[in-house]
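What the coordinates show
The residues making up each chain are set out below.
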Amino acid sequence: MNTLLDLQKKLLPDLVEVMGVRYRILRYIRLMQPIGRRTLASNLNMSERVLRGEVTFLKEQGLVTFQASGMLLTEDGERLLGQLEAVMKDVFNTSTMEEELQVKLGVEEVHVVPGNSDSYPWVKKELGRACVSVMKRRLQPSDNIIAVTGGTSIAAVAEMLVPDSDLKKSMFVPARGGLGEQVENQANTICATMARKAMGSYRLLHVPDQLSKEAYDSLISEPSIQAILRLIHSATMVIHGIGDARTMAERRNTPDDVMKKLEQERALAEAFGYYFNGDGKIIHKVLTIGLQLEDLQNIPAIIAVAGGASKAEAIEAYMKTGPSQVLVTDEGAAEALLAKV
């Protein structure tokens, strides 16, 4: 298959290019259906005239249907898109990227989805869909407890979940308290959304993400908090994001003295309340209730989800210390990571 694709790229480059364009159109329709032609053209940076010709062809092939509410994939379209995904990894060279990133980052498994979520926010849905696929493969035979953090990438994972017989037996728990950000991006909300979409069960942790020592000591002794913490520490899977250090510090309304420390010591990444510099060294830790970095050592499946070229430094910094076995990212981040010497 790789040999054939290499020959096609040399002898029929237009064929491969057209296939890539139509693949992207089908992918976007699947993510956003039903969707109108104008919206689709805008999000794919295509003229409406060019797009009209492409979707007309896809309709004639029985892959897309037009309705008053917008375009949708047919069953044949869904089936073809599934078959195309493995082939397009070679066309877009994402398979090679995945292999190179596994070596560079020292991670067991890497999944790269096409696109750059910095430029196209809908790529986060592709990250979410890829993560769901990994989740299903990495479930334990029984008694799954899935801990999730907050953030837009993990919210996209929740959005892409659908009812599943295996996930239905899972319990979802937040890995930590609330960050004080938008409700839809908080761990509690994401946890409840995942459970609802997967038809599983859930428990919530009603505490702030950042605490004073006095508040921490008081809350940690509460029986209800201890009960949910026992569940969280028994997690069989963790799904988490990787944040840019400065962005996360600002979202936490971090005191000026700590912000100065993070800048002086060149913090690049944040995960689980820990800030990491470019060497993967922990330079600051927020006092939080929930999973700590040392708790992750005994968890069978840890999946990191982060994309966008702007996250490349943060991903690399975290992966030098973080115990995640799987990274789900996008082309934007992958290309930026591999471009670094």
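Since the structure is predicted, the reported quantities are computational estimates derived from the model, not experimental observations.

**With respect to helix 13 (residues 256-264)**
Turning to helix 13, its buried residues number three or more, namely Val258, Met259 and Leu262. Within helix 13, the buried residues cover an arc of 100° as seen down the axis, which keeps them to one side. In helix 13, the exposed positions that point more than 90 degrees away from the buried face belong to Asp256, Asp257, Lys260 and Gln264. Those residues of helix 13 hidden inside the fold are in contact with helix 12 (245-251), strand 9 (267-271), strand 10 (274-277) and strand 11 (282-285).

**Quick notes on the environment of Asn144**
Within the element layout of this structure, Asn144 appears in the loop between helix 7 (123-137) and strand 4 (145-148). For Asn144 and Ala235, which are 91 residues apart along the polypeptide, the C-alpha to C-alpha distance reads 7.2 Å. Once residues lying within four places of it in the same chain are set aside, the contact partners of Asn144 are Leu139, Lys169, Ser170, Met171 and Thr236. Within polar-contact distance, the side chain of Asn144 engages the backbone nitrogen of Gln140 at 2.8 Å. A distance of 3.4 Å separates polar atoms of two side chains, one belonging to Asn144 and the other to Thr236.

**So, the layout of surface pockets**
The space that makes up the second largest pocket amounts to roughly 310 Å³. Taken together, 16 residues line the second largest pocket, and the ones lying closest to its centre are Glu85, Lys89, Val113, Arg129 and Ala130. The set of elements that each furnish at least two residues to the lining of the second largest pocket consists of helix 5 (75-91), strand 3 (109-113) and helix 7. At 6 residues, helix 7 tops the list of elements feeding residues into the lining of the second largest pocket. Tallied by class, the residues present in the lining of the second largest pocket amount to 8 nonpolar, 3 polar and 5 charged.

**Looking at the pattern of salt bridges**
Under the definition given, this model contains 15 salt bridges. When the shortest N-O distance is used, the salt bridge between Glu126 and Arg27 registers 3.5 Å. Of this pair, Glu126 sits in helix 7 while Arg27 sits in helix 2 (residues 13-32); the two residues are 99 residues apart in sequence, bridging distant segments of the chain. Classification of Arg27 as buried rests on a relative accessible area of 1%. A salt bridge links Asp76 to Arg79; its shortest N-O distance comes to 2.6 Å. In this pair, Asp76 and Arg79 both sit in helix 5, 3 residues apart, roughly one turn of the helix.

**Brief notes about the packing of aromatic side chains**
Overall, the coordinates contain 3 aromatic pairs when judged by the stated rule. Centroid distance Tyr120 to Trp122: 6.0 Å. Interplanar angle 45°. Geometry classified as tilted. On the numbers, 5.5 Å between centres and 85° between planes, the contact of Phe276 with Tyr318 is edge-to-face. Of the two residues, Phe276 is situated in strand 10 and Tyr318 in helix 14 (residues 312-319); the sequence distance between them amounts to 42 residues. Per residue, the accessibility class of Phe276 equals that of Tyr318, and both read buried. These aromatic residues form a ring-pair network of at least three members: Tyr28, Tyr120 and Trp122. The ring of Phe57 has Arg22 lying over it, and the distance from NZ or CZ to the ring centre is 3.9 Å. In this arrangement the basic side chain of Lys285 is found over the ring face of Tyr274, its NZ or CZ atom lying 5.3 Å from the centre.

Reading the values: the criteria
- Residues numbered from 1 in each chain as written.
- Predicted model: local features only at pLDDT ≥ 70, side-chain atom pairs only at ≥ 80, totals over all residues.
- Heavy atoms only, no water.
- Buried < 20%, exposed > 50% of the residue type's maximum accessible area, 1.4 Å probe, protein only.
- Helix = DSSP H or I, 4+ residues; strand = E, 2+ residues; numbered from the N terminus.
- Arc of directions from axis to C-beta.
- Contact = heavy atoms within 4.5 Å.
- Polar contact = N/O pair within 3.5 Å; in protein donor to acceptor, adjacent residues only side chain to side chain.
- 1 Å grid on protein atoms, 1.4 Å probe; cavity = no way out; pocket = protein on both sides within 12 Å on 5 of 7 lines; lining within 4 Å.
- Points joined across faces, edges and corners; volume = space filled by probe spheres on them.
- Nonpolar A, V, L, I, M, F, W, Y, C, P; charged D, E, K, R; others polar.
- Salt bridge = Lys/Arg side-chain N within 4 Å of Asp/Glu carboxyl O.
- Phe/Tyr/Trp six-rings, centres within 6.5 Å; stacked < 30°, edge-to-face > 60°.
- Lys NZ or Arg CZ within 6 Å of the ring centre and 35° of its normal.

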